[in-house]
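Spelled out, the chains give:
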Amino acid sequence: LSSIGLINRIDDSGASIGKRYARADELGTPFGITVDIQSLDDQTVTLRERDSMEQVRGPWQEIVDAVGAISNGKETWADVCSRLPRFVETEE
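Because the structure is predicted, anything quoted here is derived from the model rather than measured. (Residues numbered from 1 in each chain as written. Predicted model: local features only at pLDDT ≥ 70, side-chain atom pairs only at ≥ 80, totals over all residues. Heavy atoms only, no water.)

Draft legend 1. Structural detail: the pairing of strand β2 (residues 44-49). Within β2, six of the six residues are buried, which leaves the element mostly enclosed by the surrounding structure. A two-sided burial pattern is seen for β2, the buried positions comprising Thr44, Thr46 and Arg48 on one face and Val45, Leu47 and Glu49 on the other. In terms of strand pairing, strand β1 (residues 31-34) meets β2 through four bridges, oriented antiparallel. Across the sheet, phenylalanine 31 pairs through a bridge with glutamate 49, a residue of β2. (Buried < 20%, exposed > 50% of the residue type's maximum accessible area, 1.4 Å probe, protein only. Helix = DSSP H or I, 4+ residues; strand = E, 2+ residues; numbered from the N terminus. Pairing = 2+ DSSP bridges.)

What follows is the structure, encoded as C-alpha cells:
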C-alpha cells in the first residue's frame with residue numbers, strides 16, 4: 001500500500017479480528033485488509049469495507065490495486081464487489 005502512496009497501519013496487537021475491526025471502525029478507517037492462515041496457502045487476502053461491513057477476497061495484488069483505484073476515484077466499492085468474490089466469515 002505504501003508503494004502506491006496509501007497510508008496504512010499494521011495491527012499486530014494479538015486482539016481478535018472482531019476487536020481489530022471495531023478499533024479500525026472507531027478510527028474511521030474506510031477499508032481493512034486481513035491476512036490470515038488461508039493467505040499463507042493461496043496468497044489471497046480479505047478486504048472489508050467499513051460502512052457496509054461487506055468483505056471480498058482475492059489475490060493480494062488485486063486487493064491492493066482495488067484499494068488504490070477506490071482511493072483515486074477510478075472505482076467504487078460496488079465495482080470491486082462485482083468482480084471479486086464475496087467473503088463470508090465462518091465461525092470455527
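Now that the structure has been shown, we can carry on.
Draft legend 2. Spatial organisation of the packing of aromatic side chains. Summed over the entire model, instances satisfying the criterion amount to one aromatic pair. Relative to tryptophan 77, the ring of phenylalanine 31 has its centre 5.7 Å away and its plane inclined at 40 degrees; by these criteria the two rings are tilted. Note that phenylalanine 31 is positioned in strand β1 and tryptophan 77 in helix α4 (residues 77-83), a separation of 46 residues in sequence. Given the relative accessible area of 12%, tryptophan 77 is considered buried. The ring of phenylalanine 87 is capped by arginine 57, whose NZ or CZ atom sits 5.6 Å from the centre of that ring. (Phe/Tyr/Trp six-rings, centres within 6.5 Å; stacked < 30°, edge-to-face > 60°. Lys NZ or Arg CZ within 6 Å of the ring centre and 35° of its normal.)

Draft legend 3. Structural view of the sheet that holds β1. In spatial order, the strands read β1-β2-β3; together these three strands make up an open sheet with antiparallel pairing. Two strands close off the open sheet at either side, each with one partner strand: β1 and β3 (55-59). Averaged over all neighbouring strand pairs, the angle between strand axes comes to 25 degrees, with direction disregarded. Taken strand by strand, helix α3 (residues 60-71) contacts β1, β2 and β3, and its axis lies near 125 degrees from that of β3. (Axes fitted to C-alpha atoms, helices over the stretch in contact; angles between N-to-C directions. Contact = heavy atoms within 4.5 Å.)

Draft legend 4. Examining the nonpolar core more closely. Counting residues in hydrophobic clusters, the biggest one holds twelve residues: Leu6, Val45, Leu47, Val56, Ile63, Ala66, Val67, Ile70, Trp77, Val80, Cys81 and Leu84. Residue assignment for this core shows that the elements contributing at least two residues are β2, α3 and α4. With four residues, the top contributor of residues to this core is α3. Residue contacts for isoleucine 63: discarding those within four places in its chain leaves Ile33, Val45, Leu47, Val56, Arg57, Gly58 and Leu84. (Core = buried A, V, L, I, M, F, W, Y, C linked by side-chain atoms within 4.5 Å.)

Draft legend 5. Geometry of unusual backbone geometry. One non-glycine residue, glutamine 43, adopts positive backbone phi at about 60 degrees. Its location among the elements puts glutamine 43 in the loop between α2 (37-42) and β2. By relative accessible area, glutamine 43 is classed as partly exposed at 45%. Phi is positive for methionine 53, which is not a glycine, with a value near 65 degrees. With a relative accessible area of 53%, methionine 53 lands in the exposed category.

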